[in-house]
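Structure at a glance
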Amino acid sequence: MVSHEPESGRPPAHQPVPGNPYAQPLPQPPAQPRFPPPAGPPPAGPRRRGALIAGVGALALVLVGAGVFVLTRGDGDGDKDGSRKPVAQDSDKPARDGRESAPPRDGSDDDGGKGTGSAGQIDVNAGRKPGDAKAWLAVNDVKLPGKGGQLLDLWRVDGLVAQAEYDEVTAFKAADGKRAWRVRLPGEVCDTPVNPSPDGKVVVAYTTSEARVGAKCNQLQLIDLKTGKKGWHKELKEHSTLDSTSATHVAISGSTVMVDQDSVAHAYRIRDGKRLFTTEHRREGACFLSGVAGGPGLIQVQGCAAGSKSTHGRLRKLDPRTGKAEWVYRSKKGWTIDKVYSADPVVVSVRNRADLNKWALAVVDKQGRQRSWIDLDQRKEKFSQCTGAGDSGEGVQNCGGGVVAHDTLYLATEPKDTLGPNKIVAFDLGTGKAKWSVGAGGRQLLPVTVSDRDGPGVIVYARPYREMTGRTLLLPPGGGKPKVLLKHTAAAQKIEVFMFAGNTLYADTRLFVTPTRLNGRSNGSAGEEGNGRMLSFGP
């Protein structure tokens, strides 16, 4: 195991708190809402993973931290680590309120989706011009409580796009938006992995408690995204105060799912739920686990020595099969690790504890050494971590506004006003220096993903603004004028603006956009653009 520690930075300003100081939000600079609607605040909503979602005026950034861990092997017996048979309702059963879901609208049904102006009846293809993308709209039909419900990570598998909302996971056909399957769960989903396994499976965490305070996110359910079939189920157990399920995080890397329970993380084999290993907390070093990241690498985010001059963040890259640490990265002293922008190559955001308005990006090489440091304070453009979304109790990988491709980080600048224009700045990961910046005719840009079949570069979502409709763009790796891949329809603009790009996904020439949450009035009733659950554009 390799360990590297760069030179020191400034000491932190905060003081340690009892127990795990990284388990609760610490004082942070105010964060602006990521994409608020044009008038009025978005609806209030529930907690995710046991963390309270703050108002959009100021979202607390959760300080992340690390621990010193020992590795223990799994017992190989599902019953011993809390396994029991699935209790979820079958996906082909009707909703609990006795209503079957209304089919998503693509504007091509018999009634044309015309009439009242509600999301359920808006024809998102009305007046479509030559060259405009074809759109479809999925309308929310999930019965939500008064507090509303959060829309979580988007997954694309075998011609389907799937997402969890409140107490269900639903898949739509990517081509036309028709519902393919639905899985109902016995309680509210509190966390989902950013990516599925290579064979199209996810493990979601949910709670069966209805308590507003002290709810346990202690249920795991395997779902096959290709078929909508449920697999194994586990109930997580708490063995100590450091093994709490009040804030559970889930990450998938290869055939392994890792679940962190406060300062302890358990890894399970996706195929059958067998526990592979556990990383347990040791009190030496005053270190605590704060989150896990998956995808091309399995990474634990940690923090140490809160409140002291030697406070710092750590990353541990683990072998997803054995749990052995391949390397450990230590940030500069006085800086803690907040978010993972990329798991391979590793790019993380770090925050100065003496000046909470100060944040930067650290690039880590394949040996766990700091490759470069991107100091965002030295540029004329302003940048906001996660495009100003704060944390809201989400995982360390839930962070928009940055995409890594071709040894380059594409980062969105902070607009002067909430809905106004901005730029994409390209940073060289080797040197940490900016190479170029690009705007798009007064539009606000959000990098979404690495381009695949559309040519080299990065896919960028251009949000609608005033009289301008939305766009899906391809930004070449060398900069220059963006290429327009999709022109979004004018008829979809009201709904698209209301969604304010809460969740975005681009796959196989289609863009998918959803809000981050829906309010309790969005139960399939007509009358609001806010009933729109998912909007998609394609050729």
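One can find the structure itself at the top, above this paragraph.
We now turn to the structure provided with this report.

Remarks on the overall build of the protein chain
When helices and strands are tallied, the protein chain shows one helix and 36 strands. The proportion of buried residues among the 539 residues of the protein chain is 60%. For the protein chain, the share of sequence-separated contacts (at least 6 apart) that also reach a separation of at least 24 residues comes to 58%. Put simply, the protein chain shows about 20,800 Å² of open surface, and 49% of that area lies on carbon and sulfur atoms.

Comments concerning the state of the cysteines
Scanning the entire structure with this criterion turns up three disulfides. The disulfide partner of Cys 190 is Cys 217, and the S-S distance across this bridge is 1.9 Å. Taking the sign of the torsion about the S-S bond as the criterion, the disulfide between Cys 190 and Cys 217, at about 85 degrees, is right-handed. Of this pair, Cys 190 sits in strand E9 (residues 189-191) while Cys 217 sits in the loop between strand E10 (201-206) and strand E11 (219-224); the two residues are 27 residues apart in sequence, bridging distant segments of the chain. Each member of the pair, Cys 190 together with Cys 217, is buried. Across the disulfide from Cys 287 sits Cys 304; the S-S distance is 2.0 Å. Every disulfide takes its handedness from the sign of the S-S torsion; for Cys 287 and Cys 304 that torsion is 115 degrees, giving right-handed.

As for the side chain of Asn 140
Positionally, Asn 140 belongs in the loop between strand E4 (134-139) and strand E5 (149-157). Polar side-chain contacts of Asn 140 include one of 3.3 Å to the backbone nitrogen of Val 142.

Digging into the sheet that holds strand E36 (residues 532-538)
With respect to topology, four strands assemble into an open sheet ordered E4-E36-E34-E33, the strand pairing being antiparallel. Every interior strand has two partners, whereas the edge strands, E4 and strand E33 (503-507), have only one. Each strand axis lies, on average, 15 degrees off the axis of its neighbour in the sheet, ignoring direction. Here strand E34 (residues 510-514) runs beside E36; their pairing, made up of three bridges, is antiparallel. Paired with Val 513 across the strands is Leu 535, a residue of E36.

Quick notes on the pattern of salt bridges
Tallied over the full model, the rule gives 21 salt bridges. One salt bridge in this structure joins Glu 188 and Lys 147, with 3.2 Å as the shortest N-O distance. On the criterion of sequence distance, the pair formed by Glu 188 in the loop between strand E8 (179-184) and E9 and Lys 147 in the loop between E4 and E5 is long-range, its members being 41 residues apart. Owing to a relative accessible area of 13%, Glu 188 belongs among the buried residues under this scheme. Between Asp 199 and Lys 201 there is a salt bridge, and its shortest N-O distance comes to 3.2 Å. Judged by relative accessible area, which is 38%, Asp 199 ranks as partly exposed. Residues joined by salt bridges that share partners form a network here, namely Asp 141, Glu 165, Asp 167, Glu 168, Arg 179, Arg 182, Arg 184 and Arg 533.

Quick word on the nonpolar core
One broad trend across soluble globular proteins is that nonpolar side chains are buried collectively. In this structure, Val 124, Leu 137, Leu 535 and Phe 537 are the most contacted members of the largest nonpolar core, which totals 19 residues. Mapped by element, the contributors of at least two residues to this core are E4, strand E30 (458-463), helix H1 (493-499), E34 and E36. The leading source of residues in this core is E4, at three residues.

Rules and cut-offs
Residues numbered from 1 in each chain as written. Predicted model: local features only at pLDDT ≥ 70, side-chain atom pairs only at ≥ 80, totals over all residues. Heavy atoms only, no water. Helix = DSSP H or I, 4+ residues; strand = E, 2+ residues; numbered from the N terminus. Buried < 20%, exposed > 50% of the residue type's maximum accessible area, 1.4 Å probe, protein only. Contact = heavy atoms within 4.5 Å. Areas by Shrake-Rupley, 256 points an atom, 1.4 Å probe, with all protein chains shown as cover. Disulfide = S-S within 2.5 Å. Polar contact = N/O pair within 3.5 Å; in protein donor to acceptor, adjacent residues only side chain to side chain. Pairing = 2+ DSSP bridges. Axes fitted to C-alpha atoms, helices over the stretch in contact; angles between N-to-C directions. Salt bridge = Lys/Arg side-chain N within 4 Å of Asp/Glu carboxyl O. Core = buried A, V, L, I, M, F, W, Y, C linked by side-chain atoms within 4.5 Å.

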